[in-house]
Amino acid sequence: MMDAICAIATPYGSGAISIVRASGKDSIKMINEIFRGPDLTKVASHTISYGSIVYEGEVIDEVLVSVFLPPRTYTKEECVEINCHGGMFVTNKILETLLKIGFRLADSGEFTKRAFLNGRIDLTQAEAVMDIISSSNNLMLRNSNKALRKEVTKMITSLRERLLALIAKIEVNIDYPEYDDAIEMTNEIIIPELLEIKNSVGEILEHSRIGKTISCGINTAIIGRPNVGKSSLLNMLLEEDKAIVSHYAGTTRDTIEGKLNIGNITLNLIDTAGIRESDDYVEQIGINKAKEVLEMAELVLLVLDNSCITEYDLELLKLTEGKNRIIILNKMDLNNKANINEPHIMISALNGEGMKELEDEILRIAKVSELNQVDATYLTNARQIAKLDSAYKAIIDAINSSKEYLPVDMVELDIKKAWDTLGEIIGIASGDELINELFSKFCLGK
Ligand code: GDP
């Protein structure tokens, strides 16, 4: 068992309770020395004991102590959790006491790292723990939970098995070219199998990319000329009459200025300051600003006024062509009807009409329904997606080499590369550097 570590596992600040967590060699015995209550070395595993933490004759706090005996613990080592009163001072004092009696302060993510090193979880599960903590919407949470339940591992393992079967067949052919029973591994046999694997990987990749957009949010710009109703629309979307912080023109500011959840997805609003232009608005400035904003935008909500379409509106329509955009004709409550050919959604940001259709369209564009319907397992994590992408490319290389009738052992090299890269997703043959880097992103006490 590794040395004993401890950390505060709950957020810093005052609350009803705080938890100080410990894991490693002699954790239970050491904490028992400062615990006045039942003998913790004798209590059953997974039980909670009531008592006090007492150090050098002084009672520090009244606590509940949970004891977990290996192997069924978070780290597979003996673990102790001390539930104390949730004040910063008292929690810190308990932590300090543990440090005095022989514990070491845990590094970020060290508990989860131990779970990984001790073989309780694999890399995708470790990453899932982190993803659950940082989840900000339902889809993200659901997928991180799937990963924690090893579904990602199962999916990747099955792809690797298919590649391995192909490698085995090729090997037989290379080793025993004269061996009649061995299936002759001609390109005609390799290519169809590789194409099937490529399609499976491609599908996961596509879902992962959509999933990633959803988990990180979609950079969204609301643009349109003054007075078409951009702020009113934003307020409607926010479902509260809250004015967006205004900025003076020319001041630098962060480009992402707000987040908004619609259904299961998050929109990262870009340049909300641009939504309220100043009175001395000049159209050319407007166009240049729109161009800047559009560079960053993955989704554009172009707002037009149903009662009047101007030259400037036409320019914005042209500027946003080819973008992921939704054209919104606002002020549908007014009787006038503008004439535009492009598909659009009619709304009234004044009375809320059409808002449901608009939100559905946003979800449709984000392709969320695709993920909801197929209930797909996919990767949520940038590191994993990058690996999957390079495995995908290696499979395409193998297919192309096959098609060009390159020697079959050259093709095998690419297949092996794909197999190895998939292995890295679940942490097979991952170097120390990756492991350290990965766990350092965790919060303390996790
Ligand atoms: P922005 O300059 O594009 O942000 O436009 P605002 O949201 O400030 O709206 C400009 C004016 O249009 C305000 O007087 C709003 O009350 C009005 N307005 C916004 N949306 C609607 C709508 O759907 N119908 C009507 N009749 N007026 C609206």
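Please refer to the structure higher up on the page.
What counts and how
Residues numbered from 1 in each chain as written. Predicted model: local features only at pLDDT ≥ 70, side-chain atom pairs only at ≥ 80, totals over all residues. Heavy atoms only, no water. Near = heavy atom within 4 Å. Polar contact = N/O pair within 3.5 Å; in protein donor to acceptor, adjacent residues only side chain to side chain. Areas by Shrake-Rupley, 256 points an atom, 1.4 Å probe, with all protein chains shown as cover. Helix = DSSP H or I, 4+ residues; strand = E, 2+ residues; numbered from the N terminus. Core = buried A, V, L, I, M, F, W, Y, C linked by side-chain atoms within 4.5 Å. Buried < 20%, exposed > 50% of the residue type's maximum accessible area, 1.4 Å probe, protein only. Contact = heavy atoms within 4.5 Å. Expected span 1.5 Å × (residues − 1). Axes fitted to C-alpha atoms, helices over the stretch in contact; angles between N-to-C directions. Parallel < 35°, antiparallel > 145°, perpendicular 65-115°, else oblique. Left-handed = near helix turned anticlockwise from the far one by under 90°. Nonpolar A, V, L, I, M, F, W, Y, C, P; charged D, E, K, R; others polar.

**Q** Can you tell me about the site of the ligand, naming the residues and giving the values?
**A** Contacts to the ligand come from 17 residues, most closely from Asn227, Lys230, Ser231, Ser232 and Asp333. Between an oxygen atom of the ligand and a side-chain N or O atom of Ser232, the distance comes to 2.5 Å. The separation between an oxygen atom of the ligand and a polar main-chain atom of Leu350 is 3.2 Å. In isolation the ligand has 570 Å² of accessible area, and contact with the protein removes 76% of it. Residue contributions to the shell around the ligand peak at three residues, all from helix H8 (residues 230-238).

**Q** Residues and numbers for the nonpolar core, please.
**A** A general trend in soluble globular proteins is that nonpolar side chains are found buried together. Residues Ile156, Leu194, Leu388, Ile415 and Leu422 are the most contacted members of the largest nonpolar core, which totals 32 residues. Counting residues per element, the ones that place at least two in this core are helix H6 (151-175), helix H7 (187-216), helix H13 (382-403) and helix H14 (408-425). Setting aside chain neighbours within four positions, we find Leu388 in contact with Ile156, Val201, Ile204, Leu205, Ser208, Leu379, Leu422 and Ile425.

**Q** Account for H13, naming residues and giving values.
**A** Here H13 contains 22 residues, and its C-alpha end-to-end distance of 32 Å stays within 8% of the 32 Å for a straight helix at 1.5 Å per residue. Tyr405 sits one or two residues past H13 and shows a positive phi near 55 degrees.

**Q** How would you explain the packing of helix H4 (residues 123-134) against helix H5 (residues 138-148) if you had to name every residue and give the values?
**A** When two helices pack together, their arrangement is captured by the angle between the axes and the distance separating the axes. Packing of H4 against H5 brings their axes to within 8 Å, and their N-to-C directions diverge by 155 degrees. In terms of axis orientation, H4 runs roughly antiparallel to H5. When you trace H4 past H5, the crossing you get is left-handed. Contact residues: H4 offers Thr124, Gln125, Ala128, Val129, Asp131, Ile132 and Ser134, while H5 offers Met140, Leu141, Ser144, Asn145, Ala147 and Leu148. Here the contact of H4 with H5 is composed, by residue class, of seven nonpolar, five polar and one charged.

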